[in-house]
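Examining the three-dimensional arrangement
Below are the chains, spelled out letter by letter.
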Amino acid sequence: MDLDYNPSRKSLIKNRWVATAASIWIQCTSGSLYTFTIYSSILKSTQGYDQSTLDTISVFKDLGANAGLLSGLLYSAAPGRPWFVLLAGALQCFSGYFLMWLTVNGALPRPPSAVMCFYMLLAAHAMTFFNTANVVTGVHNFPNYSGTIVGIMKGFLGLSGAILIQVYQTIFKNKPSSYLLLLAVLPTTTSLLLMGFVRVFKTNEEDEKRHLNHFSFLAIILAAYLTAMIIIQHILKLKLYIRVITFVLLMLLLTSPIFVAIQAQRDKSYRLLKSLLEHNQVSDERDLPAEEGTSMGQDHGEYHEALNGTTDDTLELREDLNLLKAMGTISFWLLFFTTMCSMGSGLATVNNMSQIGESLGYTTLEINTLVSLWSIWNFLGRFGAGYISDYFLHVKSCPRPLFIVITLAAMSIGHSMIAFGFPGALYVGSILVGVCYGSQWSLMPTIASEIFGKAHLGTIFNTITIAGPVGSYILSVRVVGYIYDKEASEHGGACIGTRCFMLAFIIMASVTVSGFLVALGLLLKTRNFYKHVVLRRLLHSLRHSMLPVDDLN
């Protein structure tokens, strides 16, 4: 119960539910990096780049998107002021894309390729500021359901690429230079308008999970709608008025989070008034309800036993670990290695999806559909892993690293299926790899917050994220690219058949198996920590959120 709550007009717009809706909208416009293929062609044609130079610009895009240490440091330096991080991201986003747009349109002289790489790095780096501000604020606002809120934020970010593509196809189709201007203006404007609502609120509510489930349901509906649109657009040529209608429906879906926020705040007002009127009558009924008391797989006796002898110091264990202290632990490097294996192999797969499809004889339509649907599988992993791991943590007391073990095992199967290339293997394999790749984006930050604490979460999880492009470079360039070029050179410059990628994907399957073994070590190492610290802290927080007003006073 929030003791400082005051049902005033200000509280209707300044609360964590509105903050969550604002963060979702910012995330929905922050996925410009997933649409690089739309404007890469105009960069290449107007600037006279060859494919190698364009690939170099793409590398700087990936580097900027994953080098989030500065955003984490800024968030730690300005605690409680995520708007400052969002402002820094908005300035970078506008500067990078606006300079690219001016260059493409000839308003600026053609720069050296190194300068264009800087523009791309600046624009991509903005995404880490948006992501850090929204994810870390969400974890602070919903500490009892950190997996769910991280999954929601990462999930909407995963869908943002598909959302922006719909905007492009409806308004700017065949106008990639105008789309560059949109990327400069839309994310910047959205962040500037909404950054004042994204704040940390130190409150707990007994039914917060129900309203988070509503946000989750909206994410699933949006993903299903986008999936249907992607498939239909790849099969049929839609007329303009139909594209406009589908776009309007998409915009209506995107406005729905605010209605969840309004309903959540109304429920809070009702509960507070009811509690103030009835707390004298229920003073003898202060224990948790049976279903809540057993939601962690424990009865009331076990619940009190878990809290007995648990001091505030124990509950706050490791809350103050900064980046350097975290890097001094074995758990940090185990998490870093599993991230390198999972994200690195996932990026290597999606970066080579077109070439894999061509070598296995898939049609252009099938390849384009596979590439487009990757963002949906990515979303399902981001959202599903956070939600499901939260459920099993609360109900079965399962440590969250267990789900990294499971997803890496499934990822190994997906890579193996692609390697042997039997009919339909690329469909099933890409789904497995895409879902498991996306899951790491919600599991890793959540586990980092639980093991190392929330105080410096931005710097810690952004540092671990660097493992992704490191693994991608090794596997994409030194493994997949090298083996493919070798096979192609032996067959007149072209490579057809399973031999093109079989060895590379067997190696990637082996890499994910090694990540599976390391994740198993992380699970065994942190099992007792989850049992004695994380679960007790969670129980303590849940019990506190359900106490009557007079008890809290």
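These numbers come from a predicted model, not from an experiment.

**With respect to the overall build of the chain**
A tally of helices and strands in the chain yields 25 helices and zero strands. The 553 residues of the chain split such that 56% are buried. Surface accessibility of the chain: about 23100 Å² in total, with carbon and sulfur atoms responsible for 65%.

**Remarks on the state of the cysteines**
The full count for this structure, using the stated rule, is one disulfide. Each sulfur of the disulfide joining C495 and C500 lies 2.0 Å from the other. Judged by the sign of its S-S torsion, about -110 degrees, the bond between C495 and C500 is left-handed. An identical accessibility class is assigned to C495 and C500; each is buried.

**Considering a nonpolar patch on the surface**
Among the surface-exposed residues, L240, Y241, V244, I245, V248, L249 and L252 lie close enough to one another that they form a single nonpolar patch of about 670 Å² accessible area. Turning to its location among the elements, I245 is positioned in helix α11 (residues 240-255).

**A short note on helix α3 (residues 36-47)**
Counting along an α-helix, one turn takes 3.6 residues, and residues three or four places apart therefore face a common direction. Over its twelve residues, α3 runs 16 Å from end to end, which matches the ideal 16 Å to within 8%, given 1.5 Å per residue. Taken together, the buried positions of α3 are occupied by F36, I38, Y39, S40, I42, L43 and Q47. After α3 finishes, the residue G48 shows a positive phi value of roughly 70 degrees.

**Description of the pattern of salt bridges**
Inspection of every chain in the model, using the stated rule, returns five salt bridges. In this structure, E208 and R16 form a salt bridge, with 2.7 Å as the shortest nitrogen-oxygen distance. Here E208, found in helix α10 (residues 208-235), pairs with R16, found in helix α2 (residues 16-28); they are 192 residues apart in sequence, far enough to count as distant. Grouping residues by exposure puts E208 and R16 together as buried. Where E487 meets R499, a salt bridge forms, and the shortest distance between an N and an O atom there is 3.8 Å. Of this pair, E487 sits in helix α23 (residues 467-489) while R499 is found in the loop between α23 and α24 (502-545), placing the two residues twelve residues apart along the sequence. By relative accessible area, R499 is classed as partly exposed at 35%. Among the charged side chains, a network of salt bridges with common partners joins D390, R400 and E450.

**A few points about the packing of aromatic side chains**
Following the criterion strictly, the structure yields 21 aromatic pairs and no others. Seen in terms of ring centroids, F332 and W333 are 4.9 Å apart; in terms of plane orientation they differ by 80 degrees. Their pairing is edge-to-face. By the ring-pair criterion, three or more aromatic residues cluster together here, those being F36, Y39, Y97, Y168 and Y179. Here K14 stacks its cationic end above the ring of F197, 5.3 Å away from the centre of that ring. One Lys or Arg, K61, reaches over the ring of F36 and ends 5.5 Å from the middle of that ring.

**What to know about α2**
Taking 1.5 Å per residue as the helical rise, α2 with its 13 residues ought to reach 18 Å, and the 18 Å between its terminal C-alpha atoms agrees with that figure. Burial runs high along α2: twelve of the 13 residues are buried. Buried within α2 we find R16, W17, V18, A19, T20, A21, A22, S23, I24, I26, Q27 and C28. At the N-terminal boundary of α2, the capping side chain belongs to N15, with an oxygen 3.0 Å from the backbone nitrogen of W17.

**A few points about the packing of helix α7 (residues 113-141) against helix α8 (residues 146-171)**
Between α7 and α8, the shortest axis-to-axis distance is 8 Å and the interhelical angle comes to 155 degrees. Judged on the interaxial angle alone, α8 and α7 are roughly antiparallel. Between α7 and α8 lies a crossing of right-handed hand. Listed contacts from α8 to M127, N131, N134, V135, G138 and V139 of α7 are S146, I149, V150, M153, K154 and L157.

**Considerations on the packing of helix α5 (residues 69-77) against helix α6 (residues 82-104)**
Here α5 crosses α6 at 150 degrees, and the two axes come no closer than 8 Å. Comparing their axes, α6 and α5 come out roughly antiparallel. Relative to α6, the crossing made by α5 is right-handed. On α6, the residues touching S71, L74 and Y75 of α5 are P82, F84, V85 and A88. Split into classes, the residues belonging to the contact of α5 with α6 amount to six nonpolar, one polar and no charged.

**With respect to the nonpolar core**
Of all hydrophobic cores here, the largest spans 144 residues; its most connected members are Y39, Y97, M100 and M120. Sort the elements by how many residues they give to this core and α7 lands first, with 14 residues. Not counting residues up to four positions away in its chain, the partners in contact with M120 are L33, F36, Y39, I57, K61, Y97 and M100.

**Here we look at the side chain of T339**
Mapping T339 onto the fold places it in helix α17 (residues 330-351). The exposure class assigned to T339 is buried, which follows from its relative accessible area of 2%. Within the structure, the side chain of T339 is placed 2.8 Å from the backbone oxygen of L335, a separation counted as a polar contact.

**A few points about the environment of K209**
Looking at the secondary structure, you find K209 in helix α10. Residue K209 is classed as buried on the basis of its relative accessible area of 18%. Considering only alpha carbons, one finds K209 and N144, 65 residues apart in sequence, at a separation of 8.9 Å. Setting aside residues up to four positions removed in sequence, K209 forms contacts with Y145, T148 and Y387. Among the polar contacts made by the side chain of K209, one reaches the side chain of T148 at a distance of 3.0 Å.

**With respect to unusual backbone geometry**
Not every positive phi belongs to a glycine, and N174 is a case in point at roughly 65 degrees. Mapped onto the fold, N174 is located in the loop between α8 and α9 (176-194). On the basis of relative accessibility, which here comes to 66%, the residue N174 falls in the exposed class.

Each value, and the rule that gives it
- Residues numbered from 1 in each chain as written.
- Predicted model: local features only at pLDDT ≥ 70, side-chain atom pairs only at ≥ 80, totals over all residues.
- Heavy atoms only, no water.
- Helix = DSSP H or I, 4+ residues; strand = E, 2+ residues; numbered from the N terminus.
- Buried < 20%, exposed > 50% of the residue type's maximum accessible area, 1.4 Å probe, protein only.
- Areas by Shrake-Rupley, 256 points an atom, 1.4 Å probe, with all protein chains shown as cover.
- Disulfide = S-S within 2.5 Å.
- Patch = residues over 30% accessible without salt bridge, like charges linked within 9 Å, V, L, I, M, F, W, Y side chains within 5 Å.
- Salt bridge = Lys/Arg side-chain N within 4 Å of Asp/Glu carboxyl O.
- Expected span 1.5 Å × (residues − 1).
- Phe/Tyr/Trp six-rings, centres within 6.5 Å; stacked < 30°, edge-to-face > 60°.
- Lys NZ or Arg CZ within 6 Å of the ring centre and 35° of its normal.
- Polar contact = N/O pair within 3.5 Å; in protein donor to acceptor, adjacent residues only side chain to side chain.
- Axes fitted to C-alpha atoms, helices over the stretch in contact; angles between N-to-C directions.
- Parallel < 35°, antiparallel > 145°, perpendicular 65-115°, else oblique.
- Left-handed = near helix turned anticlockwise from the far one by under 90°.
- Contact = heavy atoms within 4.5 Å.
- Nonpolar A, V, L, I, M, F, W, Y, C, P; charged D, E, K, R; others polar.
- Core = buried A, V, L, I, M, F, W, Y, C linked by side-chain atoms within 4.5 Å.

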